Amino acid sequence: MKQLFELALPLGMWQEGRTKVFLKDSALIKLGEWKLSSKVTFILKRYRMWIERKHYRRIRIKIKKIQRVAVHYVMMLKYAHLIKNAIRIQAFTRGLQTRYKLKMSKDATKIQKVYRGVKTRFVVARLFAARKIQ
């Protein structure tokens, strides 16, 4: 943008502000003498466009930062939800395994009890048979 102003006006006749261009009175008179309203309008139009593009870029960068944080937060919530569900599934399967093992150990205890009972009765029957023989 500065190049356009430097071509149209000598340095020191204008100063660039944040959103505007400030012209000295002599520069305004000079521009009025040139009667180049179309060129002046073109320069001002280009300068305003450049300012708005800068403003748009700043806003776009800020919006991208906000979106990045928001997306990260949403993903974090989804991940936490997935972890919570995975823990529930793990707890359920571990509970099933524990209950199955407990049932199997109870079944094994029952089998042992029955076997020991049968064995004991067999031994006792033998002892009684041996006493009857004597």
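Every value quoted in this text rests on a predicted model; they were computed, and no experiment measured them. All residue numbers refer to position in the chain's written sequence, counted from 1. pLDDT decides what is reported in this predicted model: residues at 70 or higher carry local features, side-chain atom pairs at 80 or more are listed and counted, and totals for whole chains, interfaces and linings draw on all residues regardless. Note: side-chain values were computed over all heavy atoms of the structure, leaving out hydrogens and water.

Focus: the overall build of the chain
Only DSSP runs of H or I covering at least 4 residues are called helices, and only runs of E covering at least 2 are called strands; the numbering of each starts at the N terminus. In terms of regular secondary structure, the chain is built from three helices and two strands. Ordered by position from the N terminus, the helices and strands of the chain form the series α-β-β-α-α. Partly exposed residues are those whose accessible area sits between 20% and 50% of the maximum for their type, while under 20% is buried and over 50% is exposed, using a 1.4 Å probe and protein chains only. Counting the 134 residues in the chain, one finds 10% classified as buried. Whether two residues are in contact is decided by their heavy atoms: any pair within 4.5 Å suffices. Put simply, 47% of the contacts in the chain that link residues at least 6 apart link residues at least 24 apart. Per-residue and other accessible areas follow the Shrake-Rupley method at a 1.4 Å probe size, with only the shown protein chains counted as cover for residues. Accessible surface, the chain: about 12500 Å² in total, of which carbon and sulfur atoms supply 64%.

Section: the packing of aromatic side chains
Pairing of aromatic rings covers Phe, Tyr and Trp, the last counted by its six-membered ring, and requires centre-to-centre distances within 6.5 Å; plane angles under 30 degrees mean stacked, over 60 mean edge-to-face, and any other angle means tilted. If you walk through the whole model with that rule in mind, you get one aromatic pair. When the centroid spacing of 5.8 Å and the interplanar angle of 45 degrees are considered together, the rings of Y47 and W50 count as tilted. Residue Y47 and its partner W50 are both found in helix 3 (residues 37-133); the two are separated by three residues, about one turn of the helix. The class of W50 is partly exposed, set by a relative accessible area of 30%.

A look at a nonpolar patch on the surface
To count toward a patch, a residue needs a relative accessible area over 30% and no salt bridge; like charges are then connected within 9 Å, while nonpolar side chains (Val, Leu, Ile, Met, Phe, Trp, Tyr) are connected within 5 Å. Just to be clear on terms, a salt bridge is a Lys or Arg side-chain nitrogen sitting within 4 Å of an Asp or Glu carboxyl oxygen. On the surface, a cluster of nonpolar side chains totalling about 380 Å² of accessible area is made up of Y73, V74, M76 and L77. Its place among the elements puts M76 in helix 3.

Topic: the confidence of the model for the chain
For the chain, the average pLDDT comes to 83, and 81% of its residues sit at 70 or higher. Across the chain, the element-wise mean pLDDT spans from 64 in helix 1 (residues 2-8) up to 89 in helix 3. Note on scores: pLDDT gives the predictor's confidence for each residue, bounded by 0 and 100.

Regarding a positive patch on the surface
Under the convention used here, Asp and Glu are negative, Lys and Arg are positive, and both His and the chain ends fall outside the count. For charged residues, the charge sits on one atom: NZ in Lys, CZ in Arg, CG in Asp, CD in Glu. There is a patch of like positive charges on the surface, built from R18, K45, R46, R53, R57, R58, R60, K62, K64, K65 and R68. Here R53 lies in helix 3.

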